[in-house]
Amino acid sequence: KGRFLCELAAINPDINYIGIEKFTSVLLRASEKLAELDLNNIKIINIDAINLCDYFDKDEITRIYLNFSDPWPKNAHAKRRLTSNRFLPLYQNVLNTDGEIHFKTDNRKLFEFSLESLNEYGLSMKNISLDLHHSDFEGNIMTEYEEKFSAFGPIYRLEAKFK
């Protein structure tokens, strides 16, 4: 909905950010929020992440944030999860050699799936948190969803990098 991206861009005015959203309803909310602010380092685009390589060149991106993506709870839909081996080659292509994936979710099963998927694909992981809001991690920028649902249980977080 734009809060995370806008706060991140305001803190880091010398870094360009691109928000990607598949659903126009969510994109509209982010667009409205962005229009209220004077931030020149954000663009948002309406695409499906499966088409990432159609929009970004090899090694073009430094960081990918996957915040509270759809957990697709049915096993038959596992390939739709943004941390599945269907998406990881795309991220590997567009991330530069220092690039990282930062992932947050409130869904424990998705987090466990992601740990396994990222490990099997050979990514190294750090700053793994099983309860972000009760850890010593500093600098967390909350999303609208995170603020609303963190009262109901822990937020899981990790950073991953291709070796």
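Procedures and definitions
Residues numbered from 1 in each chain as written. Predicted model: local features only at pLDDT ≥ 70, side-chain atom pairs only at ≥ 80, totals over all residues. Heavy atoms only, no water. Helix = DSSP H or I, 4+ residues; strand = E, 2+ residues; numbered from the N terminus. Rg over C-alpha atoms; globule rule 2.2 N^0.38 Å. Buried < 20%, exposed > 50% of the residue type's maximum accessible area, 1.4 Å probe, protein only. Contact = heavy atoms within 4.5 Å. Areas by Shrake-Rupley, 256 points an atom, 1.4 Å probe, with all protein chains shown as cover. Pairing = 2+ DSSP bridges. Axes fitted to C-alpha atoms, helices over the stretch in contact; angles between N-to-C directions. Salt bridge = Lys/Arg side-chain N within 4 Å of Asp/Glu carboxyl O.

## A short note on the overall build of the protein
- The secondary structure content of the protein amounts to 5 helices and 6 strands.
- Beginning at the N terminus, the succession of helices and strands in the protein can be written as α-β-α-β-β-α-β-α-β-α-β.
- Relative to its length of 163 residues, the protein is compact, with a C-alpha radius of gyration of 15 Å against a globular reference of 15 Å.
- Projected onto its principal axes, the C-alpha positions of the protein cover 40 × 40 × 30 Å.
- Evaluated residue by residue, the protein yields a buried proportion of 36% over its 163 residues.
- Here the analysis covers contacts within the protein between residues at least 6 apart in sequence; of these, 77% occur between residues at least 24 apart.
- When the accessible surface of the protein is split by element, carbon and sulfur atoms take 49% of a total near 9,800 Å².

## Examining the sheet that holds strand β3 (residues 61-67)
- The 4 strands are arranged β3-β4-β6-β5 in an open sheet whose pairing can be described as mixed. The open sheet terminates on both sides in strands that have one partner only, identified here as β3 and β5 (123-129). Averaged over all pairs of adjacent strands, the angle between their axes in this sheet comes to 15 degrees, without regard to strand direction.
- Against the sheet, helix α4 (residues 108-120) engages β4 (95-105), β5 and β6 (156-162), with an angle of about 150 degrees to β5.

## Section: the pattern of salt bridges
- Evaluated as defined, the whole model comprises 11 salt bridges.
- Among the salt bridges present, the one from R63 reaches E100, with a minimum N-O distance of 3.5 Å. Taken together, the residues span a long stretch of sequence, with R63 in strand β3 and E100 in strand β4 at a distance of 37 residues.
- A relative accessible area of 37% places R63 in the partly exposed class.
- Across the salt bridge formed by E100 and K126, the nearest N and O atoms sit 3.1 Å from each other. Of this pair, E100 sits in strand β4 while K126 sits in strand β5, placing them 26 residues apart in sequence.
- The buried category is assigned to E100, whose relative accessible area is 11%.

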